[in-house]
Amino acid sequence: MTAFDWGGLMRAGIRGLGLRPAEFWALTPAELMLMLGAGGGPAPMSRARLEELARAFPDDTKTKG
């Protein structure tokens, strides 16, 4: 059986997702992992990918008018 990092999961669920403690404890581990983006589709964009896109498509800082 795989151990869970309950402290990390509680921080992610309560602080990160804004769940109330009762809502957090009512979830199954599978539901919580799905809400956190694990195993259900593409992974969230990483900081490195965001910076890569910002370099490729910089904001236009010139005032248009």
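Every chain begins its residue count from 1, and numbering advances along the sequence as written. Local features are withheld for residues below a pLDDT of 70 in this predicted model, meaning they are given only at 70 or higher, and side-chain atom pairs are given and counted only at 80 or more; totals for whole chains, interfaces and linings count all residues. The basis for every side-chain value is the complete set of non-hydrogen atoms in the structure, without hydrogens or water.

Novice: In this structure, what is going on with the overall build of the protein chain? I would like to understand it.
Specialist: Of regular secondary structure, the protein chain possesses four helices and zero strands. Counting from the N terminus, the helices are the DSSP runs of H or I reaching at least four residues and the strands are the DSSP runs of E reaching at least two. In the protein chain, the succession of α and β elements from N to C terminus is α-α-α-α. The cut-offs for exposure are 20% and 50% of the maximum accessible area for each residue type, with area from a 1.4 Å probe on protein chains only; residues under the lower value are buried, those over the upper are exposed, and the others partly exposed. Buried residues in the protein chain amount to 8% of all 65 residues. For the area figures, the Shrake-Rupley method with a 1.4 Å probe applies, and any residue is considered shielded solely by the protein chains shown. Entry remark: accessible area of the protein chain is about 5,600 Å², with carbon and sulfur atoms responsible for 60%.

Novice: Would you mind showing me how to read the pattern of salt bridges here?
Specialist: A side chain with one charge may pair with a side chain of the opposite charge, provided their charged atoms come close. Salt bridges are counted wherever a side-chain nitrogen of Lys or Arg sits within 4 Å of a carboxyl oxygen of Asp or Glu. Counted by the stated rule, this structure contains three salt bridges. The residue Arg20 makes a salt bridge to Glu23 at a minimum N-O spacing of 3.7 Å. On the basis of relative accessible area, Arg20 is assigned to the exposed category, the value being 59%. One salt bridge connects Glu52 with Arg49, and the closest N-O pair in it is separated by 3.1 Å. Here Glu52 and its partner Arg49 are both found in helix H4 (residues 47-56), three residues apart, which amounts to about one turn of the helix.

Novice: How do you make sense of the environment of Phe4 when you look at a structure like this?
Specialist: Its place among the elements puts Phe4 in the segment before helix H1 (6-16). You can call Phe4 partly exposed: its relative accessible area is 36%. Dropping the residues within four chain positions of it, Phe4 is found in contact with Leu9 and Pro29. Contact criterion: two residues are considered in contact whenever any of their non-hydrogen atoms come within 4.5 Å of each other.

Novice: Is there a simple way to think about the packing of aromatic side chains in this case?
Specialist: Two aromatic rings, taken as a pair, are described by how far apart their centres are and by the angle between their planes. Ring pairs shown here join Phe, Tyr and Trp side chains whose ring centres sit within 6.5 Å, with only the six-membered ring taken for Trp; geometry is labelled stacked below 30 degrees between planes, edge-to-face above 60, and tilted in between. Inspection of the entire model under this criterion finds two aromatic pairs. A centroid spacing of 5.7 Å and a plane angle of 35 degrees characterise the contact between Trp6 and Trp25, whose relative ring orientation is tilted. Here the residue Trp6 occupies a position in helix H1, and Trp25 occupies one in helix H2 (residues 21-26), the gap between them amounting to 19 residues. Under the relative-accessibility criterion, Trp6 is labelled partly exposed at 39%. Between the aromatic rings of Phe24 and Trp25, the centroid separation amounts to 4.8 Å while the plane-to-plane angle is 85 degrees, which identifies the pairing as edge-to-face. Put simply, the rings of Trp6, Phe24 and Trp25 pair up and form one aromatic cluster.

Novice: It is not clear to me how the confidence of the model for the protein chain should be interpreted in this structure. Could you clarify?
Specialist: Atom-level detail of predicted coordinates should not be read off regions where pLDDT is low. Scored between 0 and 100, pLDDT is the confidence that the predictor attaches to each residue. For the protein chain, per-residue confidence averages 85 on the pLDDT scale, and 88% of positions sit at 70 or higher. Averaged pLDDT values over the elements of the protein chain bottom out at 86 in helix H3 (residues 29-35) and peak at 95 in H2.

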